[in-house]
Amino acid sequence: STASTKCPLTSSSMARRRANRSASTPPGRSRSRTLKPLEVSKKIENKLQAQKWKVEDEISELQGRLEKAKSEESKAEILITIGRNYRKINDYENATKAFEKASTIYKSENSANEAVLKAELAEAYARKGDNQIALTLFEKASSTLRENPQKNKEELKKVLTEYARTLYRAKNTE
């Protein structure tokens, strides 16, 4: 007669293995409950709103410092920071206003600072959808930075990258 050999993986041992596998939770994940998409969306929305409020508070603080600033250069730097903060919260209208105010301070000098500011302003115009104004400003900024490419290497690289992105967007929206 044939002797029956017992298979090491019987149905009950396979069930235990499946249960053990599902019980082991990957690192960094909790086993509590699964978030529903709406809950995740709400959490992200709340986090974004909190970040926006933080940036708005920072803008208010900067505007207070702007009123107290003595030198024109410090006013320009504060205005640039205000513009960048507006850009962070996608308020491109106020970003362009802040950058334009700063550019009136830098207008007298044809420097790398003015070129970088023109690039910041160009980026804000591009985000608003004013691609032609943005492209003109990028051209002016890159032209100024090209006068001394070794000294302005990093700034020139950033300006040309944003210039290329804006050019690409402009071509695709025509």
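All of the points below concern the structure found in this document. If you're wondering where the values come from, they're calculated on a predicted model, not measured in any experiment. (Residues numbered from 1 in each chain as written. Predicted model: local features only at pLDDT ≥ 70, side-chain atom pairs only at ≥ 80, totals over all residues. Heavy atoms only, no water.)

**Comments concerning the overall build of the protein**
Here comes step 1: Within the protein, the regular secondary structure consists of seven helices and zero strands.
Here comes step 2: Secondary structure elements of the protein, listed N to C terminal, follow the sequence α-α-α-α-α-α-α.
Here comes step 3: With 174 residues in all, the protein has 30% of them scored as buried.
Here comes step 4: For the protein, contacts bridging at least 24 residues in sequence account for 47% of all contacts bridging at least 6. (Helix = DSSP H or I, 4+ residues; strand = E, 2+ residues; numbered from the N terminus. Buried < 20%, exposed > 50% of the residue type's maximum accessible area, 1.4 Å probe, protein only. Contact = heavy atoms within 4.5 Å.)

**Re unusual backbone geometry**
Backbone geometry follows two general trends: most residues other than glycine have a negative phi, and most peptide bonds adopt the trans configuration.
Here comes step 1: Despite not being glycine, Asn 90 shows a phi value in the positive range, around 65°.
Here comes step 2: Position of Asn 90 among the secondary structure elements: in the loop between α3 (72–88) and α4 (92–106).

**Let's talk about helix α7 (residues 153–173)**
Here comes step 1: Relative to the 30 Å expected for 21 residues at 1.5 Å per residue, α7 spans 30 Å between its end C-alpha atoms, a close match to the ideal helical length.
Here comes step 2: Of the surrounding elements, those touching the buried residues of α7 are α5 (112–128) and α6 (131–146). (Expected span 1.5 Å × (residues − 1).)

**Some thoughts on α3**
Here comes step 1: The first and last C-alpha atoms of α3 sit 24 Å apart over 17 residues, in line with the 24 Å expected at 1.5 Å per residue.
Here comes step 2: All of the buried residues along α3 are Ala 76, Ile 78, Leu 79, Ile 80, Ile 82, Gly 83, Asn 85, Tyr 86 and Arg 87.
Here comes step 3: Buried residues along α3 sit in contact with α2 (37–68), α4 and α5.
Here comes step 4: Two residues or fewer past α3, Asn 90 is found with a positive phi of approximately 65°.

**Let's talk about the pattern of salt bridges**
Here comes step 1: This model, assessed by the stated rule, comprises eleven salt bridges.
Here comes step 2: With a shortest N-O distance of 3.7 Å, Glu 72 and Lys 75 are connected by a salt bridge. Here the residue Glu 72 and the residue Lys 75 both occupy positions in helix α3, the gap between them amounting to three residues, near one helical turn.
Here comes step 3: Accessibility expressed as a relative area gives 45% for Glu 72, which makes it partly exposed.
Here comes step 4: For the salt bridge of Glu 123 with Arg 127, the shortest nitrogen-to-oxygen distance reads 3.6 Å. (Salt bridge = Lys/Arg side-chain N within 4 Å of Asp/Glu carboxyl O.)

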